[in-house]
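A closer look at the structure
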Amino acid sequence: MNNLLLLLSLSFVTLLSCAGANVESRKLLWGNSLTNEKGHQLGRLEIYEGQEAINVVDAFVQNIASDVDLGNAIGFRNNLLDVVCGESDSIICSTRVPVVYRKIINDEQGNNLGAIEIYENEEVIDAVVRFLRQSKVSVDEIALKNHMFEQACGHARVLCTRNIAVVYNRTINESDGSPIGRLVIYENEEPADKVFKWCKENNAAKYYDFIVNSACESDTVICKRRQAVYLSISISDPDGGHINMLELNEGNEPADDIFAFFATNGLFKKNWDFRGMVKQICAKPSVDCKREKAVKYFDNNFSMGNKTLGKLVIWEDEEVVDVLYNIRMHYNMTAFDQRVSFDDICKRPEVPCNRFKAIVYKKTQITKLDYEKFGNETCKRQFVGVKHLSSFSDLPFGDKISKMLKGDTAVSMMEHPLFCVLLLFALQILFFLLVSIPPVKKKLHASLKVVVPIYIIVIVSILQAVLVEPDASVDKAMHTFEGRLPDLIIFEGEEPVDALLNWGKEAAKDHHPIVRENIYWELLDELCNQTESLSCERYRAWEYLDFGIMNHMGNEFAIDFYNPHVDPLSRKQCRPFRIGEETVDTCIKDAAIDLCGYFVPPPNNCVRDITLHIATQLRTTDESRFSQKCSYKRLGLEMDAPGRELYKKAASEAMKRGMNMSPFARVDNGT
């Protein structure tokens, strides 16, 4: 053994200490007096319970190195360490590199946060970052780094050659053990991006998942994600303010990443052009877009309730709650199962959920002209139907000609039954006058006097048949267009008559009146008696009131209340009771219970708080009714109320206020 003669006289005694503690309180694990080849005493080396062997051995070697020529001090230390570690399994020999600098870190209150230990020939910045990430202490990182540079950089065997830490440094091997290369990740690098780039450079793409997972499991590596980003773009608003960085992840479809970016940063609510950005990004040479339609949510192994359903894909134009409702109906699951899955999906910031109630019925292409009012309506004929075609308007001067043909004068002329007859007669007279001119008559062949009038008849006939006469397809399209009404939508838990009345009010903005007309009653009969998927508990609508929005787990829930007090029969079922000083009723509480059922889990005191909120808002609404413009709201009735209730309620309100109202005065809004 080089420069060393170990006199092995193992002496185990009780009570020893680890470094810096009372040695008499610890158990001595190994102790020997060491001499060199010439028999000179080097000193006594003792290792106690809890001490790291390399630190004790290194301290011993450093202590005697100034007095004794050890030659190769590192070799001497390693040989001595081998002897010590081979003597007992109780001795801690977890590393062969000693700690050469140790600094205890305290917070502002003097509490011990731990110690920064710098190993032999280690960069100071590496030790500081290792301490920060392993201890997870909350300190001013920049200040701590600067402090350690000032304190430790003057010490021997400590390196200060860089100010960015290496947090991962490994040799990556093939599956057969042969080395591929060395992967080094710095603290300011995203591990997934560095691994992706390294794998690409070393032709090791098949090991990407394994390497990135291995790196991210290290306690000194912080991974914000495990997918690599191959393109980052800074997105700003129209005023130049920075929104965020748009990152396209390797393996993801760009449209999906852009959609998630829009949702996370609230750009859909700001009406930003999502489709335009997708087209703009996909036009870049470095971006490969296989589709422009985004996937809102994807789960390769989706489960709902106690059933595993496999792959679930929700596209950008689909609502999460509608997809889950269809799954629930198909597999006969419970509403609670649907709401748990809804909460799990919609709590993700990248998944926008615009509503929490599913559409259970939707009627489209509703045309008011399909519902007879007098019983003798017919489809309106569209003469010169070409004027309604977009392809005609796109022709040169087509737009101007179309507008001219839609004018009242042109319409009345073309709808006249003798329009083409008169046109034919005028053309024949014009031709007769033309051939009567001597120069023309002299040059015109006699046969043309017969052929040209025939051509005129044929041309006018074709004009009449092809352009002027109505076309059934154009008639149907214009019939639908002119009487077009909004789609009728019924949401989960909504009474069909309530949805129909709200639809009627919206539709009346373009086609007044709707409510209390034939179309209203026919649609109500269709919903309640001809649609198997719907059931009607009542045929009288309740007043719809919007009482605000409640935020829960990052999602917005509208507090919609259908007021039963507008219906004399329904009003009797609402039994009053008190919550503290506030008077509420059972109908309000039922509405609160229904709303709270959508929250998973519901907030504390949800039913009580929502009940009080609705009761307070309803009282405020009732107090301000007579200031409303709509007569129905002023009277506290809905638009489907029968006439006898209208006059009875009007008389009651007039008597309360001492008003002298004419019995012939109009009290409704004209419907």
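Structure's up top.
Worth saying up front: this structure is predicted, and the values here are computed from it rather than measured. Residue indices begin from 1 for each chain and proceed along its sequence in written order. In keeping with the predicted nature of the model, local features appear solely for residues at pLDDT of at least 70, side-chain atom pairs appear and are counted solely at 80 or more, and the whole-chain, interface and lining totals rest on all residues. Water and hydrogen atoms were dropped before computing side-chain values, which therefore reflect all heavy atoms in the structure.

**Focus: the nonpolar core**
The condition that has to hold: The nonpolar core is taken to be a set of buried Ala, Val, Leu, Ile, Met, Phe, Trp, Tyr and Cys residues, with the residues joined through side-chain atoms within 4.5 Å. Exposed residues in this analysis have more than 50% of their type's maximum accessible area, buried residues have under 20%, and partly exposed residues fall in between, with area computed by a 1.4 Å probe over protein chains only. In DSSP terms, a helix is any run of H or I states spanning at least four residues, a strand is any run of E spanning at least two, and both are numbered starting from the N terminus. Contacts are assigned to residue pairs with any non-hydrogen atoms lying within 4.5 Å of each other.
In terms of nonpolar packing, the biggest core is built from 39 residues, with Leu312, Val320, Phe342, Ile345 and Ile610 touching the most fellow members. Put simply, the parts of the chain that give this core at least two residues each are strand 12 (295-304), strand 13 (307-315), helix 9 (320-330), helix 10 (335-346), strand 16 (543-552), strand 17 (555-563), helix 21 (586-596) and helix 22 (606-623). Excluding its chain neighbours within four sequence positions, the residues that come into contact with Val320 are Lys296, Ile314, Phe342, Ile345, Cys346, Val351 and Cys353. Of all hydrophobic cores here, the second largest spans 31 residues; its members include Ile366, Val497, Leu527 and Cys536.

**Things to note about the side chain of Glu120**
Under the convention used in this document: Here a polar contact is taken to be a pair of N or O atoms separated by no more than 3.5 Å, where protein atoms must pair a possible hydrogen donor with a possible acceptor and residues adjacent in sequence count only if both atoms sit in side chains.
Within the fold, Glu120 resides in the loop between strand 5 (112-119) and strand 6 (122-123). One polar contact links Glu120 to Arg77, side chain to side chain, over a distance of 2.9 Å.

**Some remarks on the packing of helix 9 against helix 10**
Filter applied, for reference: Throughout, an axis means a line fitted to C-alpha atoms (over the contacting stretch in the case of helices), and angles, computed between N-to-C directions, take values from 0 to 180 degrees. Should the near helix be turned anticlockwise from the far one by less than a right angle, the crossing is termed left-handed; should it be turned clockwise, right-handed. Classes in brief: Ala, Val, Leu, Ile, Met, Phe, Trp, Tyr, Cys and Pro nonpolar; Asp, Glu, Lys and Arg charged; the others, Gly included, polar.
Close contact between helix 9 and helix 10 brings their axes to 10 Å; oriented N to C, the two are set at 150°. The way helix 9 lies across helix 10 gives a crossing that is right-handed. Contact residues: helix 9 offers Val320, Val321, Leu324, Tyr325 and Arg328, while helix 10 offers Ala335, Gln338, Ser341, Phe342, Ile345 and Cys346. A breakdown of the residues in the contact of helix 9 with helix 10 according to their chemical character gives eight nonpolar, two polar and one charged.

**Digging into the pattern of salt bridges**
Side chains that differ in sign of charge can pair as their charged atoms come close. How we decide: In the sections that follow, a salt bridge refers to a side-chain nitrogen of Lys or Arg positioned within 4 Å of a carboxyl oxygen of Asp or Glu.
All chains considered together, the criterion is met by 36 salt bridges. Of the charged contacts, one joins Glu46 and Arg44 as a salt bridge, the two residues approaching to 2.6 Å between their closest N and O atoms. A salt bridge links Asp126 to Arg162, with the nearest nitrogen and oxygen atoms 2.8 Å apart. Of this pair, Asp126 sits in helix 3 (residues 124-135) while Arg162 sits in the loop between strand 7 (158-159) and strand 8 (166-173), and the two are 36 residues apart along the sequence. Overall, Asp126 belongs to the buried group, its relative accessible area being 13%. For Arg162, a relative accessible area of 26% translates into the label partly exposed. Each of Asp58, Arg77, Glu120 and Arg157 takes part in salt bridges that share partners, so that together they form one network.

**Topic: the state of the cysteines**
Counted only if it meets this: Cysteine sulfur atoms that come within 2.5 Å of each other are treated as a disulfide pair.
This structure, assessed with the given rule, holds eight disulfides. Note that Cys85 is cross-linked by a disulfide to Cys93, the S-S spacing being 2.0 Å. Disulfide Cys85-Cys93: torsion about the S-S bond near -100°, hence left-handed. Here Cys85 falls in the partly exposed class, since its relative accessible area comes to 24%. Across the disulfide, Cys596 is cross-linked to Cys606 (sulfur-sulfur distance 2.0 Å). Note on the Cys596 and Cys606 pair: the S-S dihedral is about -95°, so by sign convention the disulfide is left-handed.

Remember, this is a structural readout, not a statement about activity or role.
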